[in-house]
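# Structural characterization, general
Here's the letter readout for the chains.
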Amino acid sequence: MEWYFIHWKKDMLGFGLKTHRKILPAEKWFEKMVQIAKQQILETYPDNIIDQLDIQYCDSIEEAIKL
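Keep in mind the model is a prediction, meaning the values are calculated, not measured.

Reading guide: rules and limits
Residues numbered from 1 in each chain as written. Predicted model: local features only at pLDDT ≥ 70, side-chain atom pairs only at ≥ 80, totals over all residues. Heavy atoms only, no water. Pairing = 2+ DSSP bridges. Helix = DSSP H or I, 4+ residues; strand = E, 2+ residues; numbered from the N terminus. Right-handed = clockwise from strand over helix to strand, strands pointing away. Salt bridge = Lys/Arg side-chain N within 4 Å of Asp/Glu carboxyl O. Buried < 20%, exposed > 50% of the residue type's maximum accessible area, 1.4 Å probe, protein only. 1 Å grid on protein atoms, 1.4 Å probe; cavity = no way out; pocket = protein on both sides within 12 Å on 5 of 7 lines; lining within 4 Å. Points joined across faces, edges and corners; volume = space filled by probe spheres on them. Nonpolar A, V, L, I, M, F, W, Y, C, P; charged D, E, K, R; others polar. Phe/Tyr/Trp six-rings, centres within 6.5 Å; stacked < 30°, edge-to-face > 60°. Lys NZ or Arg CZ within 6 Å of the ring centre and 35° of its normal.

## Some remarks on the pairing of strand E2 (residues 54–58)
Both faces of the sheet carry side chains from a regular strand, because those side chains alternate between them. As paired strands, strand E1 (residues 19–23) and E2 are joined by five bridges and run parallel to one another. Across the sheet, Ile 23 pairs through a bridge with Cys 58, a residue of E2. The β-α-β motif built from E1, the intervening helix H2 (residues 28–44) and the parallel element E2 has right-handed crossover chirality.

Next up, the structure:
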């Protein structure tokens, strides 16, 4: 997950990809674990580019397309 947030997202931003839609499993514990891991990564890498991205979590592909 660290590589995904720190390296992949930065590379994709370089290509102009700013909009990210994520469809997570329905289990609420999974979303909570993602939030915890994300917070730890943001604290470890304060110079990240997350604030330059439009990241939203969705329940379905249809919802992601509409956003």
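Next comes the rest of the account.
## A short note on the pattern of salt bridges
The final tally for this structure, using the stated rule, is two salt bridges. As a salt-bridge pair, Arg 21 and Asp 54 come within 2.9 Å of each other at their nearest N and O atoms. Pair noted here: Arg 21 is in strand E1 and Asp 54 is in strand E2, with a separation of 33 residues, a long-range link. For Asp 54, a relative accessible area of 30% translates into the label partly exposed.

## Thoughts on the layout of surface pockets
One number sums up the size of the largest pocket: a volume of about 160 Å³. Elements that contribute at least two residues to the lining of the largest pocket include exactly H2 and E2. Partitioned by chemical class, the residues of the lining of the largest pocket number five nonpolar, no polar and four charged.

## Regarding the packing of aromatic side chains
A full pass over the atoms with the stated rule returns three aromatic pairs. Both rings, one in Tyr 4 and one in Phe 5, keep their centres 5.4 Å apart while their planes meet at 80 degrees; by these two values the pair is edge-to-face. Geometrically, the ring pair formed by Trp 29 and Phe 30 is edge-to-face, given 5.9 Å between the ring centres and 70 degrees between the ring planes. Taken together, Tyr 4, Phe 5 and Trp 8 form an aromatic cluster joined through their ring pairs. The lysine or arginine in question, Lys 9, covers the ring of Phe 5, its NZ or CZ lying 5.6 Å from the ring centre.

So far we have only geometry, and geometry alone does not tell us how the molecule works.
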